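Report on the structure
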Amino acid sequence: NQPMSLWSILGVLVGSVFVWVQWIEPNWFRLRRKTIRVSKPLSRSLSILHLSDLHFTRPRFFLNRFFDRRAELDLDFVLVTGDLIDGASGIRPCIENLKKLKPTRGIYAVLGNHDYRDYPFSDQAVRIHTGRNCGRERKEVTESLKGALRETGISLLLNENVSVPISEGEEAVLVGVDHPVTGRA
């Protein structure tokens, strides 16, 4: 028996990271229930589904199933906080899945850096090495995503706020700040 060479160990590590990034993490969804207490109690509790970093690239069985199960929930709000897509091919599955949700007070979203920029592997390597934000602008894709969200009735909050009535004399103020890393906040 010979000990594993450094190259073999490196190969196993790189392969493990690749498997994690390609197949495990993208299909590992977590649903956590949190109770948030506020200083001025509301007349009734609110049910809010917060979604983040969906990174739609194509239709995916596990992600579709995740949304099918969330569609059964009785929700007041759905709040989506960025990185909805990872390319133009992600727009359709993103919209199809978000349309499954029927919150009584609406769906509100802000965009993330992946909604504005492409991040090819070579750019990721530069970012890791230099710490510099990179990626390539994709204005047409971003505008298509914005249009599709709005056509679906999803409120896109880009450096703005909106007051939403929640009961007689009570309202929720939702504030959407555009992505700071891409210089849009």
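All of the points below concern the structure found in this document. Remember, it's a predicted structure, so these values are computed and weren't measured experimentally. (Residues numbered from 1 in each chain as written. Predicted model: local features only at pLDDT ≥ 70, side-chain atom pairs only at ≥ 80, totals over all residues. Heavy atoms only, no water.)

**Structural notes on the nonpolar core**
In terms of nonpolar packing, the biggest core is built from 28 residues, with Leu51, Phe67, Val80, Leu98 and Leu149 touching the most fellow members. For this core, the elements supplying multiple residues, two or more each, are β1 (48–51), α2 (61–70), β2 (77–81), α3 (91–98), β3 (107–110) and α6 (139–151). The next biggest cluster of nonpolar side chains, apart from the first, holds eight residues, and it includes Phe77, Tyr108, Val110 and Val164. (Core = buried A, V, L, I, M, F, W, Y, C linked by side-chain atoms within 4.5 Å. Buried < 20%, exposed > 50% of the residue type's maximum accessible area, 1.4 Å probe, protein only. Helix = DSSP H or I, 4+ residues; strand = E, 2+ residues; numbered from the N terminus.)

**Brief notes about the pattern of salt bridges**
If charged atoms from side chains of opposite charge come close, those side chains can pair. Following the criterion strictly, the structure yields six salt bridges and no others. The partner of Lys100 in a salt bridge is Asp68, and the shortest N-O contact between them spans 2.7 Å. With a gap of 32 residues between them, Lys100 in the loop between α3 and β3 and Asp68 in helix α2 connect regions that are remote in the sequence. What makes Lys100 partly exposed here is its relative accessible area of 26%. Residue Asp68 is classed as partly exposed on the basis of its relative accessible area, which comes to 39%. (Salt bridge = Lys/Arg side-chain N within 4 Å of Asp/Glu carboxyl O.)

**Considering the sheet that holds β1**
Spatially, β1-β2-β3-β6 is the arrangement adopted by the four strands of the open sheet, whose pairing is parallel. Looking at the sheet topology across the chains shown, the edges are occupied by β1 and β6 (155–156). Across two bridges, the pairing between β3 and β6 is parallel. Across the sheet, the residue bridging to Tyr108 is Ser155, located in β6. (Pairing = 2+ DSSP bridges.)

**What to know about α6**
In this model α6 runs 18 Å from its N-terminal to its C-terminal C-alpha over 13 residues, within 8% of the 18 Å that 1.5 Å per residue would give. On its buried face, α6 is in contact with α3, α4 (113–116) and β6. Gly153 lies just past α6 and shows a positive phi near 95°. (Expected span 1.5 Å × (residues − 1). Contact = heavy atoms within 4.5 Å.)

Coordinates in, geometry out; function isn't part of it.
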